[in-house]
Amino acid sequence: MTLTDTLTEAPAPRLVRPYQHYVYAYPHKTAYRPLRREEASLRALWAGEPRDALSLYFHIPFCEVRCGFCNLFTRIGAPDGLTTAYLDALERQAAAVREALGEGARFANAAFGGGTPTFLEAAELERLCDLAEHGLGADLQAVPLSVEASPATATADRLAVLAERGTTRLSLGVQSFVDAEARTAVRPQRRADVEAALARIRAAAIPVLNIDLIYGIDGQTGRSWRHSLDAALAWRPEELYLYPLYVRPLTGLGRHRDRAPGQGEAEWDEQRLRLYRHGRDHLLAHGYEQVSMRMFRRADAPATGGEDYACQTDGMVGLGCGARSYTSALHYSFDYAVGMHRIRGIIDDYTARGTEDFRHADFGWRTDAEEARRRHLLQSLLQAEGMPVADYTARFGTCPMDDFAAELDRFADRGWLDDSTSPELLRLSPEGLAHSDALGPELFSAAVRERMAAYELK
């Protein structure tokens, strides 16, 4: 049987659509609502919060081009002076946040995301690192620092700054090594330029290289997917992320829905599942370990530290107009949009703010004990290693099998739970991991679903 035969065989019956939401945070920002200023003082929000293992995130909302599938908070290009004005605003926000955190705040890891942080020029990246270190007290040489980049902006001078300032992980958005597929996804790039960027990254000696790839692009085949996988593997990246393509409202592909995908929704689901399974099996056979549905890590990849940070319990401090922050009681951010006109307006508003305007949260979601349980289960269960029941019980004093009996029974009936583990561990089966984007949304509360459904796209 050939690879092509394997990838086009009749699909097995399934119970639910496998691709519903990519759950990278709970709840999604479409569940956030405006907060009253008098009730959202940052100093009050962080008072009494554990601050010994915080995660620091800087959001840079600029890209040289917006990919057709992208619904992230970013704009194309920056008029003269805008990046400087944005960094000025980041500096004012950092001053307000550090004041709110008070003494004793410690950062366990840091990340620059976007957008494309390497849209900033080398001197601007230096300033960004200074803001993290001098503005907020993060020691970038002592904690893991992850930075996102695109092939066009991964220039030697920018990479040199990042390497010197302690970057331990560089994530490159490639998506496809096939030029025609990149064009279809509205990501204009040539493979030769991608390969040149990868060579520069390896020359910079940043310890961990991650390559992002996307499956489900219109016209993509099993053979072309294998081609991209092998092209990525040739660089022996320490990490690989395999993302299913989504076509979201207000994105480039969403505005021209007939461009991708060409087939019906059910057929597209089956195509993505086949490509996912092939990608997973191919990486496992090449010495990679599966960390989640999307993430694969080379078995001999170096440890970068920061393992003491736990996303389920530790707080996050986000700076920039697209960043979110987490305390135990509130998740908060600025206004959220996908449409380019609204994004530009939000960025302009952010750059015009004074320090006083950054001393309170604007939009957010107040959590409670039930939502904390859901978030803990969701974020733990979507990891391949699963969730020790004892960790959940120690935190909440209850058993997840009692708190979420209906959901877990449903997952077990579908074969999504690993029944070979001991009762002390809740872990997804390989099929459960494959359906992470269906399983995760089923753990959303009714309140979060209602908020998300009522959100007006903008």
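Definitions and limits used
- Residues numbered from 1 in each chain as written.
- Predicted model: local features only at pLDDT ≥ 70, side-chain atom pairs only at ≥ 80, totals over all residues.
- Heavy atoms only, no water.
- Helix = DSSP H or I, 4+ residues; strand = E, 2+ residues; numbered from the N terminus.
- Rg over C-alpha atoms; globule rule 2.2 N^0.38 Å.
- Contact = heavy atoms within 4.5 Å.
- Buried < 20%, exposed > 50% of the residue type's maximum accessible area, 1.4 Å probe, protein only.
- Pairing = 2+ DSSP bridges.
- Axes fitted to C-alpha atoms, helices over the stretch in contact; angles between N-to-C directions.
- Parallel < 35°, antiparallel > 145°, perpendicular 65-115°, else oblique.
- Left-handed = near helix turned anticlockwise from the far one by under 90°.

A. Molecular detail of the overall build of the protein. A count of helical and extended segments in the protein gives 18 helices and 17 strands. The C-alpha radius of gyration computed for the protein amounts to 22 Å, which stays within 12% of the reference 23 Å derived for 458 residues, consistent with globular compactness. A principal-axis box enclosing the C-alpha atoms of the protein has dimensions of 65 × 55 × 45 Å. Long-range contacts, defined as pairs at least 24 residues apart, comprise 78% of the intrachain contacts of the protein with a sequence gap of at least 6.

B. How the structure looks around the pairing of strand S2 (residues 54–60). The element S2 is extensively covered by neighbouring structure, given that seven of its seven residues are classed as buried. Residues of S2 alternate between two faces, with Leu54, Leu56, Phe58 and Ile60 on one and Ser55, Tyr57 and His59 on the opposite face, all of them buried. The sheet contact formed by S2 and strand S5 (residues 107–114) spans seven bridges and is parallel. Residue Ser55 lies in a different strand from S5, and its bridge partner there is Asn109. Alignment of S2 against strand S12 (residues 316–319), held across four bridges, turns out to be parallel. Across the sheet, the residue bridging to Phe58 is Leu319, located in S12.

C. Just the packing of helix H12 (residues 369–381) against helix H13 (residues 389–396), in detail. Direction vectors running N to C along H12 and H13 enclose 160°, while the axes themselves pass 11 Å from each other. Classified by the angle their axes make, H12 and H13 are roughly antiparallel. Crossing hand, H12 versus H13: right-handed. Residues Ala372, Arg373 and His376 of H12 lie in contact with H13, whose contacting residues are Tyr392, Arg395 and Phe396.

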